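The chain contents come next:
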2 protein chains.
Amino acid sequence: MLAGQMNMNANVLKQAQSYCEEHKYRLTQPRLQVLKIIGTSTKPLGAYDILEELGKVIANPKPPTVYRAIEFWQQHGFIHRIESLNAYVACEAGHQHKGSQFMICDDCGAVIETHLCELPKPLKDSTAKNTFTPSRWNLEIHGVCAACDSY
Amino acid sequence: MLAGQMNMNANVLKQAQSYCEEHKYRLTQPRLQVLKIIGTSTKPLGAYDILEELGKVIANPKPPTVYRAIEFWQQHGFIHRIESLNAYVACEAGHQHKGSQFMICDDCGAVIETHLCELPKPLKDSTAKNTFTPSRWNLEIHGVCAACDSY
DNA sequence: CCTAAAATATTATCCTATAACAGTTTCGAA
DNA sequence: TTCGAAACTGTTATAGGATAATATTTTAGG
C-alpha cells in the first residue's frame with residue numbers, strides 16, 4: 001500500500017473523529033469499523049462486501065448495521081456512493097461538497113475522485129435555461145485508467 | 001399531455017422502427033411495447049413499473065422480458081437508465097451519444113435531459129491530468145424544477 | 001440515579017436484476 | 001420448400017442490494 005493512501009486514510013479517521021466530537025455524534029463501533037473498511041480499500045466496496053469485512057471485527061453483523069453506518073457517513077460527506085457500481089468509496093476531498101465527480105476504470109475498478117466547487121459552465125447554463133435549481137450532482141465517467149491503458 | 005411530448009414519442013417509435021429495419025433487428029412485441037411504455041411516460045419508470053404496464057398489453061410477462069427489452073433499447077441509445085433512481089427514461093437526444101446529463105426534480109420526479117457532445121473543459125482537463133481515457137459518462141443533477149420551485 | 005434521545009440488534013421482507021435452459025420465430029441457403 | 005443456425009422469447013429459480021418494523025441497548029444530561 002502506498003504511503004499516500006495510508007496517510008489519507010489516517011486523515012479520514014482523524015477527521016471523522018474530530019467531526020463527531022464537534023457535532024456530538026457518537027463514533028460507535030459499527031460506524032468506526034465501516035469507515036475504516038471503506039477508507040482502507042483501494043476500490044469501491046459493495047454493502048455486502050463491507051458486511052463481510054465487518055464480520056471479521058464485530059460479531060455477526062446484519063445488513064441494516066452496514067447500511068446505517070453508510071447512511072451516516074454519506075450524510076456527513078465522508079463517503080460517496082458510486083451509483084453505477086452499487087458501491088461505496090471514501091471521500092477524497094476532505095470536506096463536504098455539493099457535487100461529486102468520479103473516473104472509474106472499467107479494467108481494474110479503480111476510482112479517482114476529482115473535485116469541483118461548481119457545475120461547469122455549459123451545465124450551469126443548461127440548468128439556468130431550464131430554470132432548474134440544482135442542489136447536488138454526481139458525475140461518473142467510465143473509461144480506462146493510465147495504468148491499465150499501458151498494457 | 002403536451003403536444004410536444006406526443007410528437008416526441010411518436011418520433012421515438014418511428015425512429016426505432018427505421019433503426020430496426022435498417023439494422024435487421026426484430027421489432028418484437030416485448031421491445032415495441034416496452035419502448036412505448038417508457039416513451040409515453042412523463043417520468044422515469046422502474047423495471048417493475050414497466051412490467052406492470054406491460055402486463056396490460058401482453059400476457060403474464062416476467063422480469064427477464066422487461067430487462068431484455070430495456071437492455072436492447074439501452075444498447076442502441078433509445079433509452080437511458082437514471083442510476084440514482086433505478087429507473088428508465090426515453091432518450092431525448094435522437095441519436096447515440098457518449099455522455100448523458102439529467103436534471104432530476106426531487107419534488108415531482110420529472111427528468112430533463114440535456115445534450116453535450118463533449119465533457120466540459122474542467123472535466124476534460126481532469127481526465128487529461130490523470131491520463132484517464134473516458135469512454136462514456138453519466139451526470140445526474142438533483143434539484144427542483146421550475147414548476148415546483150414556483151409553489 | 002433516572003430518563004429521554006440516539007443508536008444498535010434482530011427478523012423479516014421488499015425491490016432490482018440476472019442465470020440457466022427450453023422453446024419459438026425468422027431468414028437465408030441448399 | 002424445407003431445414004438449420006441465429007436471434008429472440010418464455011419460464012423457473014435465485015442472486016444481489018436495500019429497508020421496514022420493532023425490540024433493545026447505550027449515552028449524555030438533569
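Cut-offs used in this document
Residues numbered from 1 in each chain as written. Chains lettered and ligands numbered in written order. Predicted model: local features only at pLDDT ≥ 70, side-chain atom pairs only at ≥ 80, totals over all residues. Heavy atoms only, no water. Helix = DSSP H or I, 4+ residues; strand = E, 2+ residues; numbered from the N terminus. Buried < 20%, exposed > 50% of the residue type's maximum accessible area, 1.4 Å probe, protein only. Contact = heavy atoms within 4.5 Å. Areas by Shrake-Rupley, 256 points an atom, 1.4 Å probe, with all protein chains shown as cover. Least-squares fit on C-alpha atoms with pLDDT ≥ 70 in both. Near = heavy atom within 4 Å. Polar contact = N/O pair within 3.5 Å; in protein donor to acceptor, adjacent residues only side chain to side chain. Nonpolar A, V, L, I, M, F, W, Y, C, P; charged D, E, K, R; others polar. Domains from an automatic or database assignment. Buried area = accessible area lost by both parts, 1.4 Å probe. Salt bridge = Lys/Arg side-chain N within 4 Å of Asp/Glu carboxyl O. Expected span 1.5 Å × (residues − 1). Pairing = 2+ DSSP bridges.

Colleague: Can you walk me through the overall build of chain A in this structure?
Modeller: Counting its regular elements, chain A contains six helices and five strands. The order of helices and strands in chain A, counted from the N terminus, is α-α-α-α-β-β-β-β-α-β-α. For chain A, the proportion of its 151 residues judged to be buried stands at 44%. Looking at chain A alone, contacts between residues at least 24 apart form 48% of all its contacts between residues at least 6 apart. For chain A, the exposed surface amounts to about 8,300 Å²; the carbon and sulfur share of it is 52%.

Colleague: Please explain the relation of the copies chain A and chain B as it appears in this structure.
Modeller: If you rotate chain A by 179 degrees and push it 0.0 Å along the axis, it lands on chain B with an RMSD of 0.1 Å. Taken together, the rotation and translation describe the operation of a two-fold axis. Across chain A, the smallest distance between a C-alpha and the rotation axis is recorded for Leu139(A), namely 2.1 Å. Of all interface residues in chain A, 100% are interface residues in chain B too; the two copies therefore contact each other through one and the same surface.

Colleague: Even after reading the chapter, I still don't get the protein's contact with DNA strand D, so can you show me in this structure?
Modeller: Around DNA strand D sit 18 residues in total, of which Tyr48(A), Tyr67(A), Arg81(A), Thr28(B) and Arg68(B) are the nearest. Near the protein, within 4 Å, the atoms of DNA strand D are sugar or phosphate in 52% of cases. Here a base oxygen of DNA strand D sits 3.4 Å away from a polar atom, N or O, in the side chain of Arg26(A). Arg31(B) is positioned with one of its side-chain polar atoms (N or O) 3.2 Å from a phosphate oxygen of DNA strand D. Of all the elements in the fold, those that place two or more residues in the surface near DNA strand D are helix H3 (47-54) and helix H4 (63-75) of chain A together with helix H2 (29-40) and helix H4 (63-75) of chain B. Broken down by class, the residue content of the surface near DNA strand D amounts to nine nonpolar, three polar and six charged.

Colleague: Just checking my understanding: could you explain the protein's contact with DNA strand C for this structure?
Modeller: For DNA strand C, the set of nearby residues contains 18 residues, the closest of which are Thr28(A), Arg68(A), Tyr48(B), Tyr67(B) and Arg81(B). Take the atoms of DNA strand C that sit within 4 Å of the protein: sugar and phosphate atoms are 52% of them. Within the contact set of DNA strand C, a base nitrogen lies 2.7 Å away from a side-chain nitrogen or oxygen of Arg68(A). When the residues that make up the surface near DNA strand C are grouped by side-chain class, the tally is nine nonpolar, three polar and six charged.

Colleague: What is the right way to look at the domain arrangement of chain A in this model?
Modeller: Note on interface size: it is often stated as the accessible area lost on association of the parts. All names here are of chain A. We note that the domain assignment places domain 1 (10-90) and domain 2 (99-149) within chain A. On a C-alpha basis, the centres of domain 1 and domain 2 stand 23 Å from each other. Contact with domain 1, which involves ten residues of that partner, is made by eleven residues of domain 2. When domain 1 packs against domain 2, close to 700 Å² is buried across both sides, 57% of that on carbon and sulfur atoms. At the boundary of domain 1 with domain 2, the tally comes to zero salt bridges.

Colleague: What is the right way to look at unusual backbone geometry in this model?
Modeller: Residues apart from glycine generally show negative phi values, whereas peptide bonds are mostly found in trans. Residues and elements named next belong to chain A. With phi around 60 degrees, Lys24 is a residue other than glycine that occupies positive phi space. Summarising the element assignment, Lys24 is placed in the loop between helix H1 (3-23) and helix H2 (29-40). By relative accessible area, Lys24 is classed as exposed at 75%. Here Asn86, not a glycine, exhibits a phi torsion of approximately 50 degrees, which is positive. Looking at the element boundaries, Asn86 is found in the loop between strand S1 (79-82) and strand S2 (87-90). Of the residues examined, Asn86 reaches a relative accessible area of 48% and is grouped as partly exposed.

Colleague: How should H2(B) be read in this particular structure?
Modeller: Since the α-helix packs 3.6 residues into each turn, any two residues three or four apart lie on the same face. For H2(B), which comprises twelve residues, the first-to-last C-alpha distance of 16 Å matches the rise-based estimate of 16 Å (1.5 Å per residue) to within 8%. Along H2(B), the residues classified as buried are Gln33(B), Val34(B), Leu35(B), Ile37(B), Ile38(B) and Gly39(B).

Colleague: Hey, could you run me through the interface of chain A and chain B in this one?
Modeller: With 34 residues of chain A at the interface, the matching set in chain B holds 34 residues. Counting the surface lost from both chain A and chain B, the interface buries some 2,800 Å², and carbon and sulfur atoms represent 66% of this. Counting the surface chain A buries against chain B, the share from its top three residues, Leu123(A), Phe132(A) and Ile141(A), is 21%. Residue Arg136(B) is joined to Asp106(A) by a salt bridge in which the shortest nitrogen-to-oxygen separation is 3.6 Å. One can count ten residue pairs in polar contact (both at pLDDT 80 or more) joining chain A with chain B. Of all the elements in the fold, those that place two or more residues in the side of chain A that touches chain B are strand S3 (99-105), strand S4 (111-114), helix H5 (121-129), strand S5 (133-144) and helix H6 (146-149) of chain A. Tallied by class, the residues present in the side of chain A that touches chain B amount to 17 nonpolar, twelve polar and five charged. Sheet topology note: the S5(A)/strand S5 (residues 133-144) of chain B ladder contains eleven bridges and is antiparallel. If you follow Asn138(A) over to S5(B), its bridge partner there is Glu140(B).

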